[in-house]
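Close look at the chain arrangement
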Amino acid sequence: LVTWTVMINALAQHGHVDEAKRVFDSMRERDRVSWTAMLTAFVDNGRLGDARNLFAKMPERSIFSETAMLTALAREGLIDEAKNLFDSMLERDMISWTAMLVAYADNKMIEEAELVFRTMPERDLVSWNAMLAGYAQNGQFDEAKRLFARMREKNMISLTAMASAYAQNGDLESTKKIFDRMPERSLVSWNTMLSAYAQTGHIEEAKALFYAMRESNLVSWNTMLSAYTASGNIPEARSLFARMKEWDFISWTVMLVAYSQQGLVEESKQVFDEMQERDLASWNAMLSAYAINGHIETARNLFGAMEERDQISWNIMLCAHSRSGNLENAKNLFDLMREHDLVSWNAMLSAYSQNGHLEYAKSIFDRMQERD
RNA sequence: AGAGGCACUGUUUGCAG
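Quick caveat, the model's predicted, so the values are computed rather than measured.

Parameters and conventions
Numbering of residues starts from 1 in each chain and follows the order in which that chain's sequence is written. Labels are handed out in written order, letters beginning with A for the chains and numbers beginning with 1 for the ligands. Side-chain atom pairs in this predicted model are given and counted only at pLDDT of 80 or more, local residue features only at pLDDT of at least 70, and totals for whole chains, interfaces and linings cover all residues. In computing side-chain values, all of the structure's heavy atoms are included and hydrogens and water are not. Here a strand is any run of E in DSSP of at least two residues, a helix any run of H or I of at least four, and the numbering for each starts at the N terminus. Only protein chains enter the area calculation, which uses a 1.4 Å probe; residues under 20% of their type maximum are buried, those over 50% are exposed, and those in between are partly exposed. Only heavy atoms enter the contact rule, under which two residues are in contact if any of them lie within 4.5 Å. The Shrake-Rupley method, run with a 1.4 Å probe, gives the accessible areas here. Residue values count only the displayed protein chains as cover. Under the counting rule used here, the positive set is Lys and Arg, the negative set is Asp and Glu, and His together with the chain ends is not counted. A single reference atom marks each charge: NZ on Lys, CZ on Arg, CG on Asp, CD on Glu. Nearness is defined per residue: one heavy atom within 4 Å of the molecule or strand is enough. Contacts described as polar in this section are N or O atom pairs within 3.5 Å, which, within protein, must combine one atom able to donate a hydrogen with one able to accept it, while residues neighboring in sequence count only if both atoms come from side chains. Stacked, edge-to-face and tilted labels apply to pairs of Phe, Tyr and Trp rings (six-membered ring for Trp) whose centres lie within 6.5 Å, assigned for plane angles under 30 degrees, over 60, and everything in between, in that order. Look at NZ for Lys and CZ for Arg. If either is within 6 Å of the ring centre and within 35 degrees of the ring normal, a charge sits over the ring. Patches were defined on residues exceeding 30% relative accessible area and lacking a salt bridge, with like-charge contacts within 9 Å and nonpolar side-chain contacts (Val, Leu, Ile, Met, Phe, Trp, Tyr) within 5 Å. One side-chain nitrogen of Lys or Arg within 4 Å of one carboxyl oxygen of Asp or Glu is enough to make a salt bridge. As used in this record, nonpolar core signifies buried Ala, Val, Leu, Ile, Met, Phe, Trp, Tyr and Cys residues forming a set joined through side-chain atoms within 4.5 Å. Directions drawn from the helix axis to the C-beta atoms are what define this arc. All axes here are fitted lines through C-alpha atoms, helices being fitted over the stretch that makes contact, and every angle between N-to-C directions spans 0 to 180 degrees. Throughout, the term roughly parallel applies to angles under 35 degrees, roughly antiparallel to angles over 145, roughly perpendicular to angles from 65 to 115, and oblique to all others. Helix crossings fall into two classes, left-handed where the near helix is turned counterclockwise from the far one by less than a right angle and right-handed where it is turned clockwise. Asp, Glu, Lys and Arg are counted as charged, while Ala, Val, Leu, Ile, Met, Phe, Trp, Tyr, Cys and Pro are counted as nonpolar; the rest, among them Gly, fall into the polar class.

Secondary structure assignment for chain A yields 24 helices and zero strands. Referenced to the eigenvectors of the C-alpha coordinate spread, the extents of chain A come out at roughly 70 × 50 × 45 Å. By the burial criterion, 45% of the 372 residues in chain A qualify as buried. A separation of at least 24 residues holds for 48% of the contacts in chain A among residues at least 6 apart in sequence. Element-wise, carbon and sulfur atoms account for 49% of the exposed surface of chain A, whose accessible area totals about 20,500 Å². Computed over 39 positive and 52 negative side-chain charges, the separation of the two mean positions in chain A equals 2 Å.

Shown next, in the form of structure tokens:
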């Protein structure tokens with residue numbers, strides 16, 4: 001039984017989910033461990049539907065399978081379902097509480113995450129790290145710093161998370177200070193340092209670090225790629241892109257955006273067309289390429305052709321109309337949107353002000369729930 | 001002896017910077 005379960009894990013880790021499922025189906029007996037192993041096999045390979053079916057069919061749930069399912073739901077943005085599952089759990093341990101914390105943080109619900117962190121019965125280093133990363137990833141830099149200062153125990157992950165928060169804030173010096181003082185560094189830590197150089201335009205340092213790294217992965221290559229594109233160095237970016245062994249959505253999108261930022265929409269479109277598969281962010285990037293380069297009609301058509309749209313897609317169109325002073329279109333879009341975030345409100349604010357409706361702009365401003 | 005939680009890269013936010 002154990003051997004078979006190990007097999008499922010191994011197969012799933014190499015992306016052979018269907019093989020894993022065949023092994024699972026052929027097992028004479030299964031225990032809770034093998035059920036959970038199969039569940040995470042689906043989850044790790046992005047098969048939420050299968051994971052749900054399996055979860056529904058499980059003879060007995062355990063805290064393991066429930067936590068795994070909770071995380072899977074949250075990663076798909078199904079935070080309400082994740083919360084319901086959490087509430088229905090018969091027992092919860094530190095891991096499931098932390099999973100719930102992360103579920104909120106991943107869905108940008110930082111206050112809820114905070115509440116979980118404060119109310120959970122006990123916290124270990126992972127919980128602290130999760131809260132720290134939650135702050136950092138949601139742009140709550142001061143909160144991150146404060147929490148970091150309060151931590152009585154820190155490991156490599158805590159240090160890397162804090163370094164990353166500094167990097168995001170453009171504070172190269174502090175990032176480097178943490179990095180240099182780290183007792184041990186993982187590839188992720190190195191990538192974080194690389195990213196700090198990239199974001200602050202220190203190309204030479206980025207390059208030196210990149211080539212000095214003992215090992216590198218796709219994230220390192222993508223980061224180096226964005227170091228070049230962020231500084232407008234398309235030729236170097238192209239050459240690096242050509243030397244890459246593998247590419248993911250991010251690599252392609254970085255190139256697409258680079259062209260768009262130089263006003264080279266045709267080149268962006270070429271990149272887009274060369275992509276074998278596209279995710280929503282790459283569609284949005286293409287949409288934005290048209291929108292910010294004055295091809296609003298083309299953007300509109302693309303928007304209409306998209307199978308899936310998120311808040312960002314809508315904002316791109318809204319901002320395009322707002323920028324071009326088309327108040328009516330902006331307003332229509334705004335009314336059609338399900339949700340309005342800061343970006344959408346700002347776009348409307350700017351549209352009204354541009355058209356001389358200052359008082360109305362003021363009234364929008366007063367109605368905004370969040371401001372920055 | 002086998003299963004669940006944490007860190008790194010891309011897409012939207014102005015006539016100011």
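What follows deals with the protein's contact with RNA strand B. The immediate surroundings of RNA strand B are formed by 64 residues, with Val 2, Thr 5, Asp 31, Thr 98 and Asn 191 found nearest. Close to the protein, within 4 Å, the atoms of RNA strand B are drawn from sugar and phosphate at a rate of 38%. Contacts to RNA strand B include Ser 127, whose side-chain N or O atom sits 3.3 Å from a base nitrogen. In the environment of RNA strand B, a sugar or linking oxygen lies 3.2 Å from a nitrogen or oxygen atom belonging to the side chain of Thr 192.

Time to look at the packing of aromatic side chains. One pair of aromatic rings is described through two measures. These are the centre distance and the angle between the planes. Overall, the coordinates contain 12 aromatic pairs when judged by the stated rule. Aromatic side chains Phe 141 and Tyr 166 sit 5.4 Å apart centroid to centroid with 70° between the ring planes, which places their arrangement in the edge-to-face category. Of this pair, Phe 141 sits in helix α10 (residues 141-150) while Tyr 166 is found in helix α11 (residues 156-168), placing the two residues 25 residues apart along the sequence. Residues Phe 141 and Tyr 166 agree in their burial class; the two are buried. In textbook terms, an aromatic cluster arises when at least three aromatic residues are bridged by ring pairs, as seen for Phe 210, Tyr 211 and Trp 221. The ring of Phe 86 carries Arg 92 above its face, with NZ or CZ at 4.9 Å from the centroid.

This part covers a nonpolar patch on the surface. Where nonpolar side chains cluster on the molecular surface, the patch consists of Leu 1, Val 2 and Val 6 and spans about 270 Å² of accessible area. Here Val 2 is to be found in helix α1 (residues 2-13). Judged by relative accessible area, which is 62%, Val 2 ranks as exposed.

All right, on to the nonpolar core then. Counting 131 residues, the largest nonpolar core has Met 38 and Leu 70 as the members making the most contacts within it. Leaving out residues up to four positions away in the same chain, Met 38 has contacts with Ile 8, Val 17, Ala 20, Lys 21, Phe 24 and Leu 54.

Turning next to the pattern of salt bridges. Scanning all chains against the criterion turns up 12 salt bridges. Two residues, Arg 146 and Glu 143, come together in a salt bridge whose shortest N-O distance is 3.4 Å. With a gap of three residues between them, Arg 146 and Glu 143 both fall in helix α10, about one helical turn apart. Given the relative accessible area of 48%, Arg 146 is considered partly exposed. Residue Glu 339 is joined to Arg 338 by a salt bridge in which the shortest nitrogen-to-oxygen separation is 3.4 Å. Using a relative accessible area of 76% as the deciding quantity, one classes Arg 338 as exposed. Through salt bridges with shared partners, one network takes in Asp 18, Arg 47 and Asp 50.

As a further point, take helix α18 (residues 265-274). Within α18, burial applies to Val 265, Ser 268, Val 271 and Phe 272. One face of α18 carries all of its buried residues, which in axial projection span an arc of 115°. Residues of α18 that are buried in the fold lie against α17 (249-261) and α19 (280-292).

This part is about the packing of helix α20 (residues 296-305) against helix α21 (residues 311-323). The interhelical angle for the contact between α20 and α21, taken along N-to-C directions, is 155°, at an axis separation of 11 Å. Between α20 and α21, the interaxial angle falls into the category roughly antiparallel. In the packing of α20 onto α21, the handedness of the crossing is left-handed. Only Ser 313, Trp 314, Met 317, Ala 320 and His 321 of α21 make contact with α20, whose side of the interface consists of Ile 296, Ala 299, Arg 300 and Phe 303. Across the contact of α20 with α21, the residue classes break down as six nonpolar, two polar and one charged.

With that settled, consider the side chain of Ser 313. Turning to its location among the elements, Ser 313 is positioned in helix α21. Under the relative-accessibility criterion, Ser 313 is labelled buried at 0%. Setting aside anything within four residues of it in sequence, one finds Ser 313 in contact with Leu 280, Asn 284, Leu 287, Phe 303 and Met 306.

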